[in-house]
Amino acid sequence: MSKLIRDKFNAEHMMPTTKIMGTISEPISLKINQMVVSGDTSEAKTIVDHINQILKTNISDINADTFPEPFQTESKMNVDYTKPTGLFFLVTSGSAEIRVEGQNYKLQPRKIFFVNERLPYVILSPDKSRLNMLSAKFMWDKNLHA
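Let us look at the structure shown here. (Residues numbered from 1 in each chain as written. Predicted model: local features only at pLDDT ≥ 70, side-chain atom pairs only at ≥ 80, totals over all residues. Heavy atoms only, no water.)

## Things to note about the sheet that holds strand β4 (residues 85–93)
Keep this limit in mind: Each pair of strands is called paired provided DSSP finds at least two bridges between the two strands. Comment: elements are numbered from the N terminus, with helices defined as DSSP H or I runs of at least four residues and strands as E runs of at least two. Whenever a helix is involved, its axis is fitted only over the stretch in contact; in every case the axis is a line through C-alpha atoms, and angles between N-to-C directions fall within 0 to 180 degrees.
Taken together, the five strands give an open sheet; going across it, the order is β1-β7-β4-β9-β2, and neighbouring strands pair in antiparallel fashion. Two strands lie at the open edges of the sheet, namely β1 (18–23) and β2 (59–67), each paired on one side alone. Adjacent strand axes in the sheet meet at a mean angle of 25°, parallel and antiparallel pairs treated alike. As defined by bridge partners, β1 adjoins strand β7 (residues 111–115) across five bridges and the pair is classed as antiparallel.

Here you go:
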């Protein structure tokens, strides 16, 4: 039953499995790297404003961190079909992939990478390079984002 509900929801909101939503500037990428390494959040508003401008909506539930070791998350999935939220990941340094329904997608540096969180997904950082990554949610608008 949940697959039918999910498919209906995705069709109604025109949500793809994944999508590159835009590219942040190099200076903003450097600000994110500085923020996650130093813990200094004085540039957070500038970073958020830049991403909001690209997505043409406000972001929330922002999480930025640095990962010094390889990892793989547990499978995650959002089963909320009442609000069309979008989820994105943004790599500013290092290497990461997202696996959605058995397909791996490489997260390219500075690209805002949407993943349909109503499908099971896993985040992987396969090598020993330090990964700096930001994630956040936004309200998906099929007229703006599809």
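## A look at the nonpolar core
Going by this rule: In this description, a nonpolar core means a group of buried Ala, Val, Leu, Ile, Met, Phe, Trp, Tyr and Cys residues linked to one another through side-chain atoms lying within 4.5 Å. The buried label applies to any residue whose accessible area, calculated with a 1.4 Å probe on protein chains only, is under 20% of its type's maximum; exposed applies above 50%, and partly exposed to all values in between. Two residues form a contact once any of their heavy atoms are found within 4.5 Å.
In this structure, I51 and F88 are the most contacted members of the largest nonpolar core, which totals 21 residues. Listed by contribution, the elements that provide at least two residues to this core are α2 (26–38), α3 (44–55), β4, β7 and β9 (131–139). Once residues within four sequence positions are removed from consideration, F88 is found in contact with I51, L55, I59, I112, F113, F114, L134, S135, A136 and F138. With 14 residues, the next largest nonpolar core counts I98, V115, L119 and Y121 among its residues.

## Observations regarding the layout of surface pockets
Where empty space is left can be seen by rolling a probe of water-molecule size over the atoms. To be explicit about the condition: Here a cavity is any set of points on a 1 Å grid over the protein atoms alone where a 1.4 Å probe fits but cannot get out, and a pocket is any open set with protein on both sides within 12 Å along at least 5 of 7 lines; a residue lines the site when it has an atom within 4 Å of a point. Grid points are joined across faces, edges and corners, and a volume is the space filled by probe spheres set on the points. For this classification, Asp, Glu, Lys and Arg are treated as charged, while Ala, Val, Leu, Ile, Met, Phe, Trp, Tyr, Cys and Pro are nonpolar and the rest, including Gly, are polar.
One number sums up the size of the largest pocket: a volume of about 240 Å³. Residue lining of the largest pocket: 18 residues in total, with N63, K76, F89, I123 and S135 positioned closest to the centre. Looking at the lining of the largest pocket, the elements that each hand over two or more residues are β2, β4, β8 (121–125) and β9. Each residue belonging to the lining of the largest pocket can be placed in one class, and the counts come to 10 nonpolar, three polar and five charged.

## Concerning the pattern of salt bridges
Keep this limit in mind: Each reported salt bridge corresponds to a side-chain nitrogen of Lys or Arg within 4 Å of a carboxyl oxygen of Asp or Glu.
One pass over the structure, following the stated rule, counts six salt bridges. Notably, a salt bridge pairs E26 with R110, separated by 3.5 Å at the nearest N-O pair. Remark: R110 occurs in the loop between β6 (103–107) and β7 and E26 occurs in helix α2; sequence separation between them is 84 residues. R110 gets classed as partly exposed once you look at its relative accessible area, which sits at 26%. In this structure, K83 engages D80 in a salt bridge whose closest nitrogen and oxygen atoms are separated by 3.8 Å. Judged by relative accessible area, which is 44%, K83 ranks as partly exposed.

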